[in-house]
Amino acid sequence: MKQDKRRIFIFANRTDPDSVGGLTSLINDHFKNDGKTEPDQEVILVGWSGKRVQTEEERTTGRLKKDGITYLTVDMTEDEYDKAYCGFQNRYLWPVSHKMIGNAAYVEGGIEANEKINGVYADLAIKQGELNQDDIILVQDYQLYPLGKILEDKGFDNKKAFYLHTPMPSKRTIVRAEARGLNTNDDFQKTVVKNMSAYDYIGFQRPRDAAKFTSHLDRPLDKNFFQPYQIHNVEGHNISFNPVGINVERFQEMAIVNKDHELVRRHVAQSAKPDQTTVIFAGRYDYSKGHINYLNGLEALLHMAPEEARKIRTVFIGGPTRGDIPEYAEYNSYLQAKIASVNFAFQQAGFTTPDEPAITQTKNIPRDALAGMMGAAEEITKAGGRQVAMFPSIMDGQNLCVHEAIAASPYNIVVSSVGSGCVDVIGEANLGVVLYNNNEPEPAAVMEMASRLMLLNATDMQLNVEKSKAALYNMTQLYPGSNWMKYMLDPFKLN
């Protein structure tokens, strides 16, 4: 087979070579070579610089090569940021995709602004990247639905693949959104479904998302129809369930190398105590991540079983996000008030002090330090404590934080939700799955979660370790992280 020297153009909304999470981190993790060798194929990542300017005339572009990846970036105008990023992408598409219609809003001019910024990314690849007809085009995530059609209209008939990292809203969800005056079904068909027709291959995180996409094609298929990595042609669309994953060995090495990191040693000193359960809740403050549900559960536990609740220490790692979007600003204010309320309740019960509250918050920490913290679970357990990795998203894509917690140490007690795509990959082997949804969890479910997962005895803990190893087998053997990009590139193979 002849060597493939075609360039790979990857379009993503953000293109930060130093990203510690999210999509860019995932792409970097797959392609970066740490500067040791030149990659077999040139990889060019195209997207937003993260900077905003007032006018199009002030717009600047950037070019950077790091760890074998070339980054092409461009600024957004304030109008594009307001109407596309804060508007159509994250006040409409994001909440609707996560089935949280109550958080959605229709922004006038948002669809047009989103088409415009996608066109800017296309022009950046054409002019600065010298995109040609032989190049491989991979488009990533919900912000960039229109990009394939825009490139097609500009004369680029290259094969194109699109990968959706968020959940796919079903036709039923869109009809519900229409009933609330947020859009029309025709809007969604035109801006999403018809734009996806420009792609030769479409990948989804979860089999249920592939099935939801078929509901828009008037040929709905059951999620069980979609087996991993198999491409199915449905009404002319080549689609598959192709879950993303992490580089397990690299993350395990990161956890070991950083066991003596200053932040890790401080974490262990605070957590390695007999009968203490430390809950690490890592993730930005997004209404889809389940922070409020968790706090409501902790508050209920305090009232119903105070002697169990007093053993729990919670660390929120993350912080506010998308603060220019009204729904996010409101959510963060409510979240801060809720944290203060729960902390006060623990203090009133005599379990904590203002200097050592039940819930602490820290902004995003370096990924290497987080790996070290996750990897410290065995040390904490052997000191008589417990470490819970809490990821109760109401609805999510793959939720790679779950993968990282399992990879870092089998002694992590991992809690996720049935709304997360990781359940499809890992199964329920290591996951104490509590049904989190748009409603607050029932106190009985909270009590069950606490007793089953946060307060395990020695025998149960050993069983958890064994199940964690089974989950790790799924991640490395059945659904290895390298498969995601491998199967994204498979349709482009040279004969």
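Only a predicted model underlies this, so the values are computations on that prediction, with no experimental measurement involved.

Give a detailed account of the sheet that holds strand β11 (residues 312-320), specifying residues and quantitative values.
Note on sheets: strands pair through backbone hydrogen bonds, and any given pair is parallel or antiparallel. Reading across the sheet, the five strands line up as β12-β11-β10-β13-β14 and stay open at both edges, with parallel pairing between neighbours. Bordering the open sheet on either side are β12 (359-363) and β14 (413-415), each of which pairs with just one other strand. Averaged over neighbouring strand pairs, the angle between their axes works out to 25° when direction is ignored. Bridge count between β11 and β12: five bridges; the pairing is parallel. The residue of β12 that forms the bridge with isoleucine 317 is threonine 362. Against the sheet, helix α10 (residues 291-304) touches β10 (277-285), β11, β12 and β13 (386-390), its axis set at about 160° to β11. Across the sheet, helix α13 (residues 367-375) lies against β10, β11 and β13, angled at about 130° from β13, the strand it touches most.

Kindly report on the environment of glycine 283, identifying the contributing residues and their values.
Structurally, glycine 283 is set in strand β10. Taking the C-alpha atoms as reference, glycine 283 lies 8.1 Å from phenylalanine 391; in sequence the two are 108 residues apart. Excluding its chain neighbours within four sequence positions, the residues that come into contact with glycine 283 are His291, Ile317, Gly318 and Gly319.

Describe the pattern of salt bridges, and please don't skip the residues or the numbers.
Inspection of every chain in the model, using the stated rule, returns 23 salt bridges. For lysine 338, the salt bridge is made with glutamate 299, and the minimal N-O distance between the two is 2.8 Å. With lysine 338 in helix α12 (residues 326-348) and glutamate 299 in helix α10, this residue pair connects regions lying 39 residues apart in the sequence. By relative accessible area, which is 12% here, lysine 338 ends up buried. Accessibility expressed as a relative area gives 18% for glutamate 299, which makes it buried. The shortest N-O distance in the salt bridge between arginine 310 and glutamate 307 comes to 3.4 Å. Residue classification places arginine 310 among the partly exposed residues on the basis of a relative accessible area of 42%. One network of salt bridges, with partners in common, ties together Glu56, Arg59, Glu80 and Lys116.

Tell me what's going on with the nonpolar core, and back it up with residues and numbers.
Core analysis: the largest hydrophobic core is formed by 150 residues, its most contacted members being Phe11 and Leu138. Among the elements that make up this core, the one with the highest residue count is helix α2 (residues 78-97) (nine residues). Excluding residues within four positions of it along the chain, phenylalanine 11 makes contact with Val46, Tyr121, Ala122, Ala125, Ile137, Leu138, Val139, Gln140, Leu144, Leu147 and Leu151.

Describe in detail unusual backbone geometry, supporting the description with residues and values.
Positive phi, normally seen in glycine, also occurs at aspartate 275, with a value near 65°. Mapping aspartate 275 onto the fold places it in the loop between α9 (262-271) and β10. Even without a glycine there, the phi angle at arginine 322 is positive, about 50°. Tracing the backbone through its elements, the reader meets arginine 322 in the loop between β11 and α12.

Break down a positive patch on the surface for me, citing the residues and quoting the values.
On the surface, Lys99, Arg172, Arg176 and Arg180 cluster together into a patch of positive charge. Relative to the helices and strands, arginine 180 resides in the loop between α5 (171-179) and α6 (185-196). What makes arginine 180 exposed here is its relative accessible area of 54%.

Explain the packing of aromatic side chains to me, using residue names and the numbers behind them.
Taken as a whole, this structure holds 19 aromatic pairs when the rule is applied. With centroids separated by 5.3 Å and ring planes inclined at 15°, the aromatic side chains of tyrosine 81 and tyrosine 85 adopt a geometry described as stacked. Of this pair, tyrosine 81 and tyrosine 85 both sit in helix α2, four residues apart, roughly one helical turn. Look at tyrosine 81 and you get buried, because its relative accessible area is 6%. For tyrosine 85, a relative accessible area of 14% translates into the label buried. Judged by centre distance (4.4 Å) and plane angle (15°), the rings of tyrosine 229 and tyrosine 487 are stacked. Within this pair, whereas tyrosine 229 is found in the loop between α7 (207-215) and β8 (232-234), its partner tyrosine 487 is found in helix α19 (residues 481-489), the two being separated by 258 residues in sequence. Residue class for tyrosine 487 comes out partly exposed when judged on its relative accessible area of 23%. Aromatic ring contacts, followed pair by pair, group Tyr229, Phe241, Tyr479 and Tyr487 into a single cluster. Lying over the aromatic face of tryptophan 48, arginine 14 brings its terminal NZ or CZ to 5.1 Å of the ring centre. It is lysine 486 that lies over the ring of tyrosine 487; its NZ or CZ is 4.2 Å from the centre.

I'd love a proper account of the pairing of strand β5 (residues 136-140), names of residues and values included.
For β5, the tally of buried residues reaches five of five residues, placing the bulk of the element in the interior. With burial as the criterion, each face of β5 is covered, one bearing Ile136, Leu138 and Gln140 and the other bearing Ile137 and Val139. Read as a crossover between parallel neighbours, the route from β5 over helix α4 (residues 147-153) to strand β6 (residues 160-164) is right-handed.

Thresholds applied
Residues numbered from 1 in each chain as written. Predicted model: local features only at pLDDT ≥ 70, side-chain atom pairs only at ≥ 80, totals over all residues. Heavy atoms only, no water. Pairing = 2+ DSSP bridges. Helix = DSSP H or I, 4+ residues; strand = E, 2+ residues; numbered from the N terminus. Axes fitted to C-alpha atoms, helices over the stretch in contact; angles between N-to-C directions. Contact = heavy atoms within 4.5 Å. Salt bridge = Lys/Arg side-chain N within 4 Å of Asp/Glu carboxyl O. Buried < 20%, exposed > 50% of the residue type's maximum accessible area, 1.4 Å probe, protein only. Core = buried A, V, L, I, M, F, W, Y, C linked by side-chain atoms within 4.5 Å. Patch = residues over 30% accessible without salt bridge, like charges linked within 9 Å, V, L, I, M, F, W, Y side chains within 5 Å. Areas by Shrake-Rupley, 256 points an atom, 1.4 Å probe, with all protein chains shown as cover. Lys, Arg positive; Asp, Glu negative; His and termini not counted. Charge placed at Lys NZ, Arg CZ, Asp CG, Glu CD. Phe/Tyr/Trp six-rings, centres within 6.5 Å; stacked < 30°, edge-to-face > 60°. Lys NZ or Arg CZ within 6 Å of the ring centre and 35° of its normal. Right-handed = clockwise from strand over helix to strand, strands pointing away.

As far as function goes, none of this settles anything; it's purely spatial.
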